[in-house]
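Descriptive structure summary
The lines below spell out each chain.
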Amino acid sequence: MKSGDWRLLKPWLKQLGSYRVQLILGIALALATALFGVGLLSLSGWFITASALYIGFDIYTPGGGIRFFAIARTVSRYLERLLNHDLVLKLQAHWRVALFRLLQKTPLHKTLTFRVSDTVQQLTRNLSAMDNLFIRLVIPALTFVLATMLLFVFWWFYNAWLSLVLVLGATGTVYCSWKLAVKTRLLAVKSLRQQKRLRDSAMNFTDSITELSAWGCYDEQSERLLKRSQKLEQFELAQLRHQQKAQRITETIAQAVSLLVLMLAFMQFEQGQIGAAAVVMLTLSALAWQELASELPMQWAGYGNTLAAARSLLATQSAGESGGALPAVTNSSGNNTAITIKLNNLMVWRQGRPIIDKLSVSFKPGCVHWIEGASGIGKSTLAEVLMGFYPADFIQGEITTQPKTDLINEASYLTQETEIFDASVRDNLNPKRLPVAENRYWQVLEQVNLDKKIASLNDKLSTLIGSHGTQLSGGQLRRLALARVLLQDKPVVILDEPFAGIERALVKNILERMVSQLPQKTWIIISHVNMEDICADIPQGQSIIL
Amino acid sequence: MSVKLSRELEAASLYLKKLAAEVKRPIQWAFLFGLLKTVAIIVQLGCIAALAQLVLAESQPLLSLQAAGGGLIVSTFFRVSAPYWQQGFLQQATLQATQTARKQLLKRWQRQTAQGVTISAAEGALQLEPIEALKSYFNRYLVQQYLVVFSPFLILVTCFYINPVVGVLLLLSGPVIPLFMALVGIGAERLSQKHAQQTHALSRVFTDKLRNLATIQLFGAGDAALSDVAAAGEEYRQATMSTLKIAFLSSAVLEFFSSVAIAGVALYVGFGLLGYIEWFGADELTLFSGLFVLLLAPEYFSPLRQFAQSYHDRAAAIGAASLLSEQQKDAEDSSKQKTENPSNELISWQNLSVTLTPGLVISYPDTLIYEGTLTVISGSSGSGKSTLIRILLGQTPYSGTLKLNTTLASGGEVAYFAQQPFLTASSVRDNVNLYERHSDAEIIKIFRQLNLGPLLEQLPQGLDTQLGEKGAGLSGGERRRVALARCILSGRRLIIADEPTENLDEVSANAIRNNLKRLTERGVTVIAASHDPKLKQIADQSVLVDSARGQL
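Read on for a plain summary of the structure. The structure presented is a predicted model; accordingly, all values stated were derived computationally and were not measured.

Scoring rules and cut-offs
Residues numbered from 1 in each chain as written. Chains lettered and ligands numbered in written order. Predicted model: local features only at pLDDT ≥ 70, side-chain atom pairs only at ≥ 80, totals over all residues. Heavy atoms only, no water. Pairing = 2+ DSSP bridges. Helix = DSSP H or I, 4+ residues; strand = E, 2+ residues; numbered from the N terminus. Axes fitted to C-alpha atoms, helices over the stretch in contact; angles between N-to-C directions. Contact = heavy atoms within 4.5 Å. Buried < 20%, exposed > 50% of the residue type's maximum accessible area, 1.4 Å probe, protein only. 1 Å grid on protein atoms, 1.4 Å probe; cavity = no way out; pocket = protein on both sides within 12 Å on 5 of 7 lines; lining within 4 Å. Points joined across faces, edges and corners; volume = space filled by probe spheres on them. Nonpolar A, V, L, I, M, F, W, Y, C, P; charged D, E, K, R; others polar. Core = buried A, V, L, I, M, F, W, Y, C linked by side-chain atoms within 4.5 Å. Phe/Tyr/Trp six-rings, centres within 6.5 Å; stacked < 30°, edge-to-face > 60°. Lys NZ or Arg CZ within 6 Å of the ring centre and 35° of its normal. Patch = residues over 30% accessible without salt bridge, like charges linked within 9 Å, V, L, I, M, F, W, Y side chains within 5 Å. Areas by Shrake-Rupley, 256 points an atom, 1.4 Å probe, with all protein chains shown as cover. Salt bridge = Lys/Arg side-chain N within 4 Å of Asp/Glu carboxyl O. Buried area = accessible area lost by both parts, 1.4 Å probe. Polar contact = N/O pair within 3.5 Å; in protein donor to acceptor, adjacent residues only side chain to side chain.

Some remarks on the sheet that holds strand E9 (residues 525–529) of chain B
All names here are of chain B. Across the sheet, five strands lie side by side as E7-E8-E9-E5-E10; this open sheet has parallel pairing. Looking along the sheet, the strands with just one partner apiece sit at the ends: strand E7 (414–417) and strand E10 (541–544). Put simply, the sheet's adjacent strands are angled 15° from each other on average, direction ignored. Of the pairings in the sheet, the one linking strand E5 (residues 374–378) to E9 comprises four bridges and is parallel in character. Bridging from a neighbouring strand, valine 376 pairs with alanine 528 of E9. Contacting E5, E7, strand E8 (494–498) and E9, helix H9 (residues 385–392) crosses the sheet at an angle of about 150° to E8. Sheet strands touched by helix H14 (residues 476–490): E7 and E8. Its angle to E7, the strand with the most contacts, is close to 175°.

Some points on the pairing of strand E5 (residues 411–414) of chain A
All names here are of chain A. Side chains Ala411 and Tyr413 project from E5 onto one buried face, and the interleaved Ser412 and Leu414 project onto a second face that is buried too. Bridge count for E5 against strand E8 (residues 492–496) is four bridges, and the pairing is parallel. Bridging across to E8, alanine 411 finds its partner in valine 492.

Observations regarding the layout of surface pockets
The calculated volume of the second largest pocket comes to roughly 770 Å³. If you trace the second largest pocket, you find 27 residues lining it, with A:Ser201, A:Asn204, A:Arg224, A:Arg228 and B:Thr424 closest to the centre. For the lining of the second largest pocket, the secondary structure elements donating two or more residues are helix H6 (160–207) and helix H8 (218–270) of chain A. Among the elements that line the lining of the second largest pocket, the one with the most residues is H6(A), at seven residues. Here the residues of the lining of the second largest pocket sort into seven nonpolar, seven polar and 13 charged.

So, the nonpolar core
Within the largest apolar cluster, 222 residues are counted, with the highest numbers of intra-cluster contacts made by B:Ile347 and B:Phe447. Per-element tally for this core: the top contributor is helix H8 (residues 287–324) of chain B, with 18 residues. Apart from residues no more than four positions distant in its own chain, B:Ile347 is found in contact with B:Thr367, B:Leu368, B:Ile369, B:Leu392, B:Leu402, B:Lys403, B:Leu404, B:Leu494 and B:Ile527. Core analysis: the next-biggest nonpolar cluster, separate from the first, contains 70 residues, A:Leu382, A:Leu450, A:Ile465 and A:Leu482 among them.

As for the packing of aromatic side chains
Applying the stated criterion across every chain yields a total of 30 aromatic pairs over all chains. Judged by centre distance (6.5 Å) and plane angle (90°), the ring pair of A:Tyr54 and A:Phe57 falls under edge-to-face. Judged by relative accessible area, A:Tyr54 falls into the partly exposed class, the value being 31%. Using a relative accessible area of 18% as the deciding quantity, one classes A:Phe57 as buried. An angle of 70° between the planes, with centres 6.4 Å apart, marks the rings of B:Phe78 and B:Trp85 as edge-to-face. Three or more aromatic residues joined by ring pairs make a cluster, and in this case those are A:Trp46, A:Phe47, A:Tyr54, A:Phe57, B:Phe271 and B:Tyr276. One Lys or Arg, A:Arg484, reaches over the ring of B:Phe219 and ends 5.8 Å from the middle of that ring.

As for a nonpolar patch on the surface
On the surface, A:Ile71, A:Val75, A:Leu79, B:Phe256 and B:Val260 cluster together into a nonpolar patch covering about 390 Å² of accessible area. Where the nonpolar patch is concerned, the elements lending two or more residues are helix H3 (60–103) of chain A together with helix H7 (222–274) of chain B. Tallying contributions element by element places H3(A) first for the nonpolar patch, with three residues. Mapped onto the elements of the fold, B:Phe256 is located in helix H7. We classify B:Phe256 as partly exposed; its relative accessible area is 34%.

A closer look at the sheet that holds strand E3 (residues 368–372) of chain A
Each strand in a sheet pairs with another by means of backbone hydrogen bonds, the pair being arranged parallel or else antiparallel. All names here are of chain A. Strand order across the open sheet formed by five strands is E5-E8-E9-E3-E10, with parallel pairing between neighbours. The open sheet has two edge strands, E5 and strand E10 (544–545), and neither has a second partner. Note: E3 against strand E9 (residues 522–526), four bridges, orientation parallel. Residue pairing across strands places isoleucine 371 opposite isoleucine 526, the latter belonging to E9. The sheet contacts of helix H16 (residues 474–488) involve E5, E8 and E9, and relative to E5 the element is tilted by about 175°. Helix H17 (residues 504–517) contacts E3, E8 and E9 of the sheet and is inclined by roughly 160° relative to E9.

A short note on the interface of chain A and chain B
In this assembly, 144 residues from chain A lie in contact with 145 residues from chain B. Between chain A and chain B, the buried area comes to about 13100 Å², and carbon and sulfur atoms account for 64% of it. In this structure, the connection of chain A to chain B is made through ten salt bridges. In this structure, A:Glu417 engages B:Arg479 in a salt bridge whose closest nitrogen and oxygen atoms are separated by 2.6 Å. Our enumeration of links across chain A and chain B arrives at 29 residue pairs in polar contact (both at pLDDT 80 or more). A total of 25 residues in the side of chain A that touches chain B trace back to one element, the largest contributor, which is H8(A). A class-by-class count of the residues in the side of chain A that touches chain B yields 61 nonpolar, 46 polar and 37 charged.

What follows is the structure, given as structure tokens:
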């Protein structure tokens, strides 16, 4: 158990190493704050007792010390908090980008089956949970241990028994906090899992509100959502209860330490071993120490959550890393190249089903190749295979190109599902943000017959579209996605159901315009629509029925 | 802009006030136990000071001081137990408040949908983070805001009784601190509201990039996406740090004044005991009184300190509340007129139009639809077909008259077939049974009717096969037909479809068209927005939404 925990937390703790100076400074400030607090109270108690009972002692040093402790404590606390929070936020930012970069390496066919809501939770919630590792676990524990050690030495000078009581008390506190941490591990995992389920349900719910309302199932589905949330609350409640029990025990221990110190110090006084002022000073320092101790369980209650967050983030990491080589999309060899693709006895498997069975075909430049067939995954799979996004283990047969090249650089692919970003029209057309002349944008928009519509919008190309921007119809969004592909200007163009939601006359129009304006390209169009129904005046190549 | 901000703040505070009112009772109990703790502390510290006086100053033997010793132990017990008892009530309050907040959010979404507002998937996250942020408000702040006044008051009274000068010192420093903190805190509140928006915006950026991850990969737009993510993260860090700088500053003020006050007490008492100060009862100080007020001083500021920590909770809760509450827009009166119609007339509309944005109006031709007919609404893409569908579903306000026959006006009789149907990451069976349960036999029968037989045979676990998010694992055409199977299986008497035959091969599309026609022969009414010419051919009626009419 312990080694497993360490394995999970190590990469995060290691990351702290890159900020060594800030880290040490932060810990030093935290320790200083604790010590100044103890010092202020103890010295004040000493001073008052001395003033009451002693005659003729140096009043200026303690006076100055008290003033110093008062101000220094404030300053060090403020700086410590700023420093440590800033450190944590920096770590967070670093990890967020690192994880996202890993996710981008996921193989395409896995991307299309992504559980989006899961990943969103991981990246936001779990990363925030990792803050606790530093601020609520490492810092308070280190501060407590170091402060206790210093206090131990200090008390030793007066009475070894006091130090012994301190050690026992500190050990009890640490043990209690650790037991609490362990108990919360399992609960935290359950809680996190339930959070995931709740987020899943909630995002699915809002995604389908139109349908739910239309079907009159809103209240029923609301109830299900509420039940999920109630279960989550219960897990969190159980965690809280454990925490409070631990806090109660720790408080008791700490108070017991104070009372024992008081008693022992008084006994020593009665035996004439220490002065009255020292008694008060020791008692008050015990009271101040008690404040440090009672904080510990509260902070360590978050251990389980932190561990669970680290575990699920590790899972994301491995998912991304296992993706292996996603071929990098480099630039194409030039948009005037004409490419021929030959498939010979191609067989492709997916989830145990033979999706493509002994396919032989030749795709020629300047022609439109229609791929029809019964609705199934075969056609999209063919596109993935041609693009080189499909794992080679499940492919048999030959794919050759002339001139010899990597299709991933030379082919552009329009996915079956329209994907639109919450961004401007321009950024949607050019997600890579390559430098592109404005008239190029208008050129492709004109090819898909969207130029007038976009020109009519207030901000034209800069208009924000997507779920938080101007609403375009399904057909318009589809055409925008098509324009995005055309803008890439690659020799091979693979379109998967490009004309969904667009009426026949417009389809014919767009098709003819596209093919006549871009005669060198090899067009591969996957569509349910019967080619004859469109009657487009375009040069046709070999078509396939899957 | 500032008017809008202050209106939002008002709405947010009102939201919190209403929620707080619901949990008044448990909070009151929590308050009482908080007071009990303070009393216990006063007694405990008094006993310690008394023991010091008796043993150190008057040299009485320790073991004879049973009263003080006993008092010390008993008060310590209550000091430790009272917070524990208090927590029980606070948890009760928090649970109640969060459940209420969730229910209110659900109702709000329902309201917004009826007003024609689109709710994105990312808004589902509102059930998570903002409501989490509310918890610490109810767990800590709500009771602290009362204890912060009454606990120090008890201590102040005790101090005055012991020594008026110290009492005055504490009294003066008391209110000054919250004043300064309030000044600083107002700024923190505004910042924190922006901060809550930032967290939500950060989550939206992620959702957006992840939903479109395939496009990012295909277009090599990884770096651009990464920089967007990094930028959003950096904005988040800066927003958080600016909030924290001020939030921490306000607590630094507290620390400063309280430390200085403690030092002040120590020095005053010390010099008083030494005889350097003689005014206002300084000469009456003893070890007991001096030590007692010294010990009480930090406890005077402790509630303030706790309150300061939880003040950030309030700022966070306000930020969350601004996301959860919403300014009530005046809902347009789009009540459907319900008529008792003896004839077979099911739906009709006259002078129907809708204003999408100021200056963009779509008008629809007057239409009458009879029961058991197939009506196709056609028009060029973007002409307003989908909007008309939403009007019929009661999810977009309109002007004009829309009449619905009463037998169908009550909910539960409309089957909606969306353009991008909703499917979840669960089994095929669960997806078909999403709204209503059907037997496997029924499902299989309808699947075959829709030409999904080959799919059934190829699925590795049959109906138990798990699908991914958005129904991934099936092709686009298969997903559409699964959703249509839902509609047909429901047996509902009105089916409203948005592009039902789009994206299907001819054989399946034919099956759909035939099935829809067959349903109308059984008395089911079908209204479909579609530009499929073959569907128009077999329709009983065709309504053209002419884009030239609207100002698109």
